[in-house]
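Residues per chain are reported as follows:
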Amino acid sequence: GVLRPGERLVEEQLTRRFGISRAPVREALRLLGQQGLVEHLPRRGVRVAELSADDITELFGLRDALERYAVETALATTPDPVKLAVLEEATERIERAAREDSALDRADAHREFHVALVDLAGHRHLLRVYEPVIMQLQLYMAANMRREAEQRSPAEGARRHRRLYETVASGDPVAVLAALATHGAQTYLGPELEH
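Residues numbered from 1 in each chain as written. Predicted model: local features only at pLDDT ≥ 70, side-chain atom pairs only at ≥ 80, totals over all residues. Heavy atoms only, no water.

1. Brief notes about the side chain of His161
- In this structure, His161 sits in helix α7 (residues 154–170).
- Here the side chain of His161 touches Gly157 through a polar contact of 2.8 Å, landing on its backbone oxygen.
- Not counting chain neighbours up to four residues away, the residues in contact with His161 comprise Thr91, Ile94, His110, Phe113, His114 and His183. (Helix = DSSP H or I, 4+ residues; strand = E, 2+ residues; numbered from the N terminus. Polar contact = N/O pair within 3.5 Å; in protein donor to acceptor, adjacent residues only side chain to side chain. Contact = heavy atoms within 4.5 Å.)

2. A few points about the confidence of the model for the protein
- Across the protein, the average pLDDT comes to 85, with 87% of residues at 70 or higher.
- This model gives residues 186–195 a pLDDT under 50, and the stretch forms 30 contacts once residues within four places in sequence are excluded. (pLDDT = per-residue confidence, 0-100.)

3. Description of the packing of helix α3 (residues 53–74) against helix α5 (residues 103–119)
- Two numbers describe how α3 lies on α5: the axes approach to 8 Å, and their chain directions differ by 45°. Taken as axis vectors, α3 and α5 run oblique relative to one another. On α5, the residues that touch Arg63, Glu67, Ala70 and Val71 of α3 are His110, His114, Leu117 and Val118. (Axes fitted to C-alpha atoms, helices over the stretch in contact; angles between N-to-C directions. Parallel < 35°, antiparallel > 145°, perpendicular 65-115°, else oblique.)

4. Section: the nonpolar core
- Leu87, Phe113, Leu117, Leu120 and Val168 are the most contacted members of the largest nonpolar core, which totals 20 residues.
- Looking at this core element by element, the count peaks at five residues for helix α4 (residues 81–100).
- The residues touching Leu120, leaving out its near neighbours within four places in the chain, are Ala74, Lys83, Leu84, Leu87 and Val168.
- Ile56, Phe60, Leu66 and Val115 belong to the second largest nonpolar core, which has 16 residues in total. (Core = buried A, V, L, I, M, F, W, Y, C linked by side-chain atoms within 4.5 Å. Buried < 20%, exposed > 50% of the residue type's maximum accessible area, 1.4 Å probe, protein only.)

5. Digging into α3
- In this model, α3 (22 residues) spans 31 Å end to end at C-alpha, consistent with the 32 Å of a helix rising 1.5 Å per residue.
- Within α3, the full set of buried residues consists of Ile56, Leu59, Phe60, Arg63, Leu66, Glu67, Ala70, Val71 and Ala74. The arc that holds every buried residue of α3, seen down its axis, measures 135°, which confines them to one face. What points out from α3, more than 90 degrees from its buried face, is the exposed set Asp54 and Glu58. (Expected span 1.5 Å × (residues − 1). Arc of directions from axis to C-beta.)

6. Comments concerning the sheet that holds strand β1 (residues 8–9)
- An order of β1-β3-β2 is seen for the three strands of this open sheet, with the pairing classed as antiparallel. A strand with exactly one partner marks an edge of an open sheet, and here the two such strands are β1 and β2 (38–41).
- Two elements, β1 and strand β3 (residues 45–48), share two bridges in a ladder whose sense is antiparallel. Paired with Leu9 across the two strands is Val46, which belongs to β3.
- Most of the contacts of helix α2 (residues 22–34) go to β2, to which it runs at about 110°, and overall it touches β1, β2 and β3. (Pairing = 2+ DSSP bridges.)

7. Notes on the environment of Arg30
- Note on placement: Arg30 falls in helix α2.
- Through-space distance from the C-alpha of Arg30 to that of His40 is 8.5 Å; in sequence the pair is ten residues apart.

8. A word on the environment of Val115
- Topologically, Val115 is positioned in helix α5.
- Other than its neighbours up to four places away in sequence, Val115 contacts Leu127, Tyr130, Glu131 and Ile134.

9. Quick look at the pairing of β3
- Of the two faces of β3, only one is covered, namely that formed by Val46 and Val48; the face formed by Gly45 and Arg47 stays uncovered.
- Across four bridges, β2 lies against β3 in antiparallel orientation. Bridge pairing in β3 places Val38 opposite Val48.
- Connecting β2 to the antiparallel partner β3 that follows it, the hairpin turn spans three residues, and Arg43 within it adopts a positive phi of roughly 60°.

Structure follows, in C-alpha cells:
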C-alpha cells in the first residue's frame, strides 16, 4: 500500500531504494505484471495497476464466488484439522495486528485469512485461480480496512473475522455461507477508489 494505483515505477529509483541491480528489478516487475499488480506501458515504463470501480466490483464478486465454492467443498466432509488450524492462526494474526494497530500486518493477515479459508477445500486448482484475484485486490482491501479503521475500531474487523472462523469451525455450511454473505468486503470502499 506504499505505492498508489497509477503511480509510475522508475527502475533507477527502485534499484537505489532496494540496493540491487536492474536485473532483479526487471524480473520483479515482470512477475508483478503477470500477477496484474503493475502495468507495462509501451514506451512509458511501468506503473502500479489501476482498477476501475467495475474491476473492483467484479474481483470482489469473483472472490466471493470462489470462497463460497471453497466452503461448500470443504464442509461437504469434516475439514482438515491442520488447515483449520492455519485459518485460526490467521485469525489470531488479524487480532494481534488490530491490538498493535499495524495496518501492514492487518492487511497481510487479512489476505492470509482468506487464502486459508479457500485452502480448506484442499483444491489446489481452486487455490491457483484464487491467489491472483486476492493479490489484485490486496491494495483495495488494505484501503478498505483503513477506511473502516477511520469509522470503527480495528478490533471490529478482527471480531468479524473471529466470528467467521468460529462459524467455519462449527462445520455448518449454511451458517458459513450466511456469514460470508454479510462479511462486508466492500463496506467502506469510497468514491476515491472509483477510477
